[in-house]
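Observations on the three-dimensional arrangement
Here is what each chain is made of, one letter per residue.
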Amino acid sequence: MNAYEFQPGPIHVLRLEEGMDLVDTVTGFATERGIRSAWLSYLGAVSRASLRYYDQVGHAYRDFTIDRHLEVLTGVGNVSLLDGVPFVHTHATFSDEHGNAFGGHVNRGCRVFSLEVNLQELVGDPPVRYHDPATGLNLWCLTPPGAAR
Ligand code: ZN
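Residues numbered from 1 in each chain as written. Predicted model: local features only at pLDDT ≥ 70, side-chain atom pairs only at ≥ 80, totals over all residues. Heavy atoms only, no water.

1. Some thoughts on helix 1 (residues 22–33)
Put simply, the rule is: Numbering of helices and strands runs from the N terminus, with a helix taken as a DSSP run of H or I at least four residues long and a strand as a DSSP run of E at least two residues long. Multiplying 1.5 Å by the residue count of a helix minus one yields the expected span of that helix. When a residue's accessible area, from a 1.4 Å probe over protein chains only, is under 20% of the maximum for its type it is buried; when over 50% it is exposed; and in between it is partly exposed. Think of the arc as the fan of directions from the helix axis to the C-beta atoms. Residue contacts are counted whenever heavy atoms from the two residues lie within 4.5 Å of one another.
Counted at 1.5 Å a residue, the expected span for helix 1 with its twelve residues is 16 Å, and the 17 Å between its end C-alpha atoms agrees. Turning to helix 1, its buried residues are L22, V23, V26, T27, F29 and A30. Buried residues in helix 1, looked at end-on, bunch into an arc of 160 degrees, giving them a common side. Residues of helix 1 that are buried in the fold lie against strand 1 (7–16), strand 2 (38–55), strand 4 (70–82), strand 5 (85–95), strand 6 (101–106) and strand 7 (111–123).

Written as structure tokens, this is what we have:
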């Protein structure tokens, strides 16, 4: 297990506008502000959801798109470093006009209708993602693979 300790930093409240890409916009904000570590939550609506599901046996993402108007019931995620730059990892639950819910790992291509984002900046050494061969994912790791322990 990796455990990190932070002090709370500034809270950024963002309103994303129609047509913006959810992941690209939040990543761009974090990059522009030099935010290397944060926790985020959001709600609102999208006109298209672009999602991923990770196949734990095949170690591959399966991408899918839901090209319709959806509520964003809840989104949660974080910002950490991957290859030295801010990386946004986020999952969300959506619903359709009948209240049916579905969700997944939010991919680029998720088109915002309107979105309210709460981004809590964290002050401290940022978690860094490294490729984990056991899962095939880029996971937080205090000690890089191959480093002396
Ligand atoms: Zn994910």
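2. Description of the coordination of the zinc ion
Here is the rule: Only nitrogen, oxygen and sulfur atoms within 2.8 Å of the metal, or 3.2 Å for Na, K and Ca, are treated as donors, and water is left out, so sites may look incomplete.
Bound to the zinc ion on the protein side are H89 (NE2), H91 (NE2) and H105 (ND1), at distances that span 2.1 Å. Counting residues between consecutive donors of the zinc ion along the chain gives the motif H-x1-H-x13-H. Overall, H91 belongs to the partly exposed group, its relative accessible area being 38%.

3. Notes on the environment of F29
Relative to the helices and strands, F29 is located in helix 1. On the accessibility criterion, F29 (14% relative accessible area) is buried. For the pair F29 and V117, spaced 88 residues apart in sequence, the C-alpha to C-alpha distance is 11 Å.

4. Side note on the pairing of strand 3 (residues 60–66)
Counted only if it meets this: Here, any two strands with at least 2 DSSP bridges between them count as paired.
When strand 2 meets strand 3, the two strands line up antiparallel, connected through seven bridges. By the bridge assignment for strand 3, Y54 is matched with Y61. Taking the residues between adjacent antiparallel strands as the criterion, strand 2 and strand 3 are bridged by four residues, where H59 takes a positive phi near 55 degrees.

5. Examining the pattern of salt bridges
The test is simple: For this document, the term salt bridge refers to a Lys or Arg side-chain nitrogen within 4 Å of an Asp or Glu carboxyl oxygen.
Taken as a whole, this structure holds seven salt bridges when the rule is applied. The partner of R15 in a salt bridge is E17, and the shortest N-O contact between them spans 4.0 Å. Among the ionic pairs, D24 bridges to R108, the shortest N-O distance being 2.3 Å. Taken together, the residues D24 in helix 1 and R108 in the loop between strand 6 and strand 7 connect sequence positions 84 residues apart. In this structure D24 comes out as partly exposed when scored by relative accessible area, which is 37%. Because the salt bridges share partners, they merge into one network encompassing R68, D96 and E97.

6. Describing the side chain of H12
Selection criterion: Identification of polar contacts relies on pairs of N or O atoms within 3.5 Å, with a donor-acceptor requirement for protein atoms, meaning one able to donate a hydrogen and the other able to accept it, and with residues adjacent in sequence counted only if both atoms are side-chain atoms.
Its location among the elements puts H12 in strand 1. Among the residues examined, H12 registers a relative accessible area of 12% and is labelled buried. In terms of polar contacts, H12 uses its side chain to reach the side chain of E121, at 2.8 Å. Here H12 is in contact with F29, R33, I35, V117, N118, L119 and E121, once residues within four sequence places are set aside.

On their own, these measurements won't tell you what the molecule is for.
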